[in-house]
Amino acid sequence: MTVHFIGAGPGAPDLITVRGLRLIERCPVCLYAGSLVPEEIVKAAPADAKVMDTAPMHLDQIVEEMKKAHEAGQDVARVHSGDPSIYGAVAEQMRRLDALGIDYDVVPGVPAFAGAAARLKTELTLPEIAQTIIVTRTGMKASSMPEGEQLEVLGQSGATLAIHLSIRNLDYVRRALEPYYGADCPVVIAYRATWPDELYIRTTLAEMREKVREAKITRTALIFVGRVFGEVDFGESDLYNAEFSHVLRNRGKKKAG
């Protein structure tokens, strides 16, 4: 028996991996995050499967369902949104399973920032503009940030920022980043990326709060900050430069025939 932690992707049902979908199709137990996982994905579970929305459940109840499945010799599809490695709250579940001696594995998924970048047709790393992506969040009442991971520190990098779980903290985002990025720095608010009702707001650090208020967005949104958004004046990578040679392509080498 194995508990399979499966990343369902950012929203569009067809962005789940083949491996993840096949596991859901055969597992007799399916536990899923109902508010974030598309219903179409869960419908792929066997007709007689035990399917449970874990949104109203606490950790002990979720683990208890895994324990019951273990005792019955039934595999579990534990379906999370996005990729389980990013804000997935899977580590505490794994720790409980370790203590119980229950086997598990992880199937990666498309993270929200990657899904949103695809919809924006934007590369998050552009030559001479930004070569680093920082995936982070901000501290709120329920959870603070570890020392050294505040935006005032991360912002000094000038990297492309993908800020999760912070749409209600825009005043702080602006104050923390303006000294490093400037008030006119491009910002993209990605609301429910790849879902049917997705919305993308292109704005700036100075104007993002007002734009978000006008759109009445209060949750399920990602904040992108960086000069890569809308930038067209950047150098070209040497990867495909005709004058640049590497192990798979010799400079000036002609094709046979």
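Every value quoted in this text rests on a predicted model; they were computed, and no experiment measured them. (Residues numbered from 1 in each chain as written. Predicted model: local features only at pLDDT ≥ 70, side-chain atom pairs only at ≥ 80, totals over all residues. Heavy atoms only, no water.)

1. Some remarks on the sheet that holds strand E8 (residues 186-191)
- In space, the 5 strands of this open sheet follow the order E6-E7-E10-E8-E9, with mixed pairing throughout. Every interior strand has two partners, whereas the edge strands, strand E6 (133-137) and strand E9 (199-204), have only one. Neighbour-to-neighbour, the strand axes of this sheet turn through a mean angle of 20°, independent of strand direction.
- Sheet topology places E8 next to strand E10 (residues 221-225); 5 bridges connect them, and they run antiparallel. Looking across to E10, one finds that Val 188 is bridged to Phe 224.
- Set on the sheet, helix H7 (residues 170-181) makes contact with strand E7 (160-164) and E10; between it and E7 the angle comes to about 170°. (Pairing = 2+ DSSP bridges. Helix = DSSP H or I, 4+ residues; strand = E, 2+ residues; numbered from the N terminus. Axes fitted to C-alpha atoms, helices over the stretch in contact; angles between N-to-C directions. Contact = heavy atoms within 4.5 Å.)

2. Notes on the side chain of Thr 160
- Topologically, Thr 160 is positioned in strand E7.
- Judged by relative accessible area, which is 1%, Thr 160 ranks as buried.
- There is a polar contact of 3.0 Å between the side chain of Thr 160 and the backbone oxygen of Leu 124.
- Every residue in contact with Thr 160, bar those within four places of it in the chain, is listed here: Leu 124, Ala 130, Thr 132, Ile 133, Ile 134, Val 225, Val 228 and Phe 229. (Buried < 20%, exposed > 50% of the residue type's maximum accessible area, 1.4 Å probe, protein only. Polar contact = N/O pair within 3.5 Å; in protein donor to acceptor, adjacent residues only side chain to side chain.)

3. Comments concerning the packing of H7 against helix H8 (residues 208-215)
- Packing of H7 against H8 brings their axes to within 9 Å, and their N-to-C directions diverge by 160°. By the angle between their directions, the pair H7 and H8 is classed as roughly antiparallel. At the point where H7 passes H8, the crossing takes the right-handed sense. The segment H7 lies against H8, with Leu 170, Asp 171, Val 173 and Arg 174 engaging Met 208, Arg 209 and Val 212.
- Considered class by class, the residues forming the contact of H7 with H8 number 4 nonpolar, no polar and 3 charged. (Parallel < 35°, antiparallel > 145°, perpendicular 65-115°, else oblique. Left-handed = near helix turned anticlockwise from the far one by under 90°. Nonpolar A, V, L, I, M, F, W, Y, C, P; charged D, E, K, R; others polar.)

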